[in-house]
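# Structural description and commentary
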Amino acid sequence: MKLILLGPPGAGKGTQAQLLVDRYRIPQLSTGDMLRAAAAAGTDVGVRAKTIMDRGDLVPDDIMVEIIAERIGQPDTGNGFILDGFPRTLAQAEALDRLLEQRGVTIDAIVEIAVDEDVLMERIETRARETGGSRGDDKSTAKRLENYREKTAPVSDHYRSKGTLKRVDGMGTVDEVAASIDAHLRPLVEA
Ligand code: AMP
């Protein structure tokens, strides 16, 4: 099962991805986690990315495409994978289309978790308070949402126009959202 999870920051992509990892025994490829690991390890890319992430901005496309091209080639993705946090711009989505085509890989489902904006603000701020992270200040939260609206929302349109996007309501409980996602994926497994 090869999946792409889309949705704004705070939509619960990470939580749902974790449930899908358990259900389908496939790795979650979270670009946010990869960048945080690189930052913690103090690599050149990680140090550069940390400054950008703390501002709530997006790391440049060429870096992200390189990271994901390398990650999708790893042996643990043989059974599939869940892309979480990538693609986040139209350029990334187009680069991913090319990469997958070159490698003869097809994505089984692209799932978008949709959530109202005021609920998002509340969720992101609560998460920031709970984790005590620096990304929680109002300015970076607003920036993250602005980047989502301007740069990431067109990614959904890209897949919608190709007819491959499945949209689920992300406003329910974790279990409800998981059930909606499952309703889209089960027929693919049974097919
Ligand atoms: P996340 O954990 O997915 O919310 O990602 C945390 C931060 O990492 C984002 O706010 C961005 O600064 C950066 N990031 C993660 N994935 C990408 C991506 N695909 N393109 C650009 N920046 C990214």
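Look up a bit, the structure's there.
Just so we're clear, the structure is a prediction, and the values are computed from it rather than from any experiment. Numbers given to residues run from 1 along each chain, matching the order in which its sequence is written. With pLDDT at 70 or above as the cut-off, local features in this predicted model cover only qualifying residues; side-chain atom pairs require 80 or more to be listed or tallied, and sums for whole chains, interfaces and linings still use all residues. To get the side-chain values, all heavy atoms of the structure are used, and hydrogens and water are removed first.

## Concerning the pairing of strand 3 (residues 81–84)
Each residue is placed in one exposure class: buried if its accessible area under a 1.4 Å probe, protein chains only, is under 20% of its type's maximum, exposed if it is over 50%, and partly exposed if it falls in between. Runs of E in the DSSP output that reach at least two residues are strands. Runs of H or I that reach at least four are helices, and both are numbered from the N terminus. Alternating residues of strand 3 divide into Phe81 and Leu83 and Ile82 and Asp84, and every residue in both groups is buried. Two strands are said to pair when DSSP picks up at least two bridges between them. One ladder, built from three bridges, connects strand 2 (residues 28–30) with strand 3; its direction is parallel. Paired with glutamine 28 across the strands is isoleucine 82, a residue of strand 3.

## Digging into the pattern of salt bridges
Put simply, a salt bridge is a Lys or Arg side-chain nitrogen that is within 4 Å of an Asp or Glu carboxyl oxygen. Taken as a whole and judged by the stated rule, the model has twelve salt bridges. Taking the shortest distance from any N to any O, the salt bridge between lysine 143 and glutamate 146 comes out at 3.6 Å. Placement of both lysine 143 and glutamate 146 in helix 7 (residues 138–162) is noted, with a separation of three residues, approximately one turn of the helix. Classification of lysine 143 by relative accessible area gives partly exposed; the value is 26%. For glutamate 146, a relative accessible area of 29% translates into the label partly exposed. Taking the shortest distance from any N to any O, the salt bridge between aspartate 182 and arginine 186 comes out at 3.1 Å. Of the two residues, aspartate 182 and arginine 186 are both situated in helix 8 (residues 174–190); the distance of four residues between them amounts to about one turn of the helix. Judged by relative accessible area, which is 13%, aspartate 182 ranks as buried. Connected via shared salt-bridge partners are Glu112, Asp157, Arg160 and Arg167.

## So, the pairing of strand 1 (residues 2–6)
In terms of burial, strand 1 is a largely internal element, four of the five residues being buried. Sheet topology note: the strand 1/strand 3 ladder contains four bridges and is parallel. From the neighbouring strand, lysine 2 faces strand 3, where its bridge partner is phenylalanine 81.

## Remarks on the site of the ligand
The full set close to the ligand counts 14 residues, and Thr31, Arg36, Asp57, Gly85 and Gln92 are the nearest of them. Distance and chemistry together define a polar contact, namely a pair of N or O atoms within 3.5 Å, with one atom able to donate a hydrogen and the other to accept it when in protein, and with adjacent residues in sequence counting only for side-chain atoms on both sides. Threonine 31 has a polar side-chain atom sitting 2.8 Å from a nitrogen atom of the ligand. Note that an oxygen atom of the ligand is positioned 2.5 Å from one of the backbone N or O atoms of aspartate 57. Note that accessible areas follow from Shrake-Rupley with a 1.4 Å probe, and for residues the cover is restricted to the protein chains shown. Summarising the interface, the protein chains cover 94% of the accessible area of the ligand, which totals 470 Å² for the free molecule. Among the elements that take part in the shell around the ligand, helix 2 (residues 31–41) stands out by supplying four residues, more than any other. Amino acids are sorted into nonpolar (Ala, Val, Leu, Ile, Met, Phe, Trp, Tyr, Cys and Pro), charged (Asp, Glu, Lys and Arg) and polar (every other residue, Gly among them). Tallied by class, the residues present in the shell around the ligand amount to six nonpolar, four polar and four charged. In this text, near means that some heavy atom of the residue lies within 4 Å of the molecule or strand in question.

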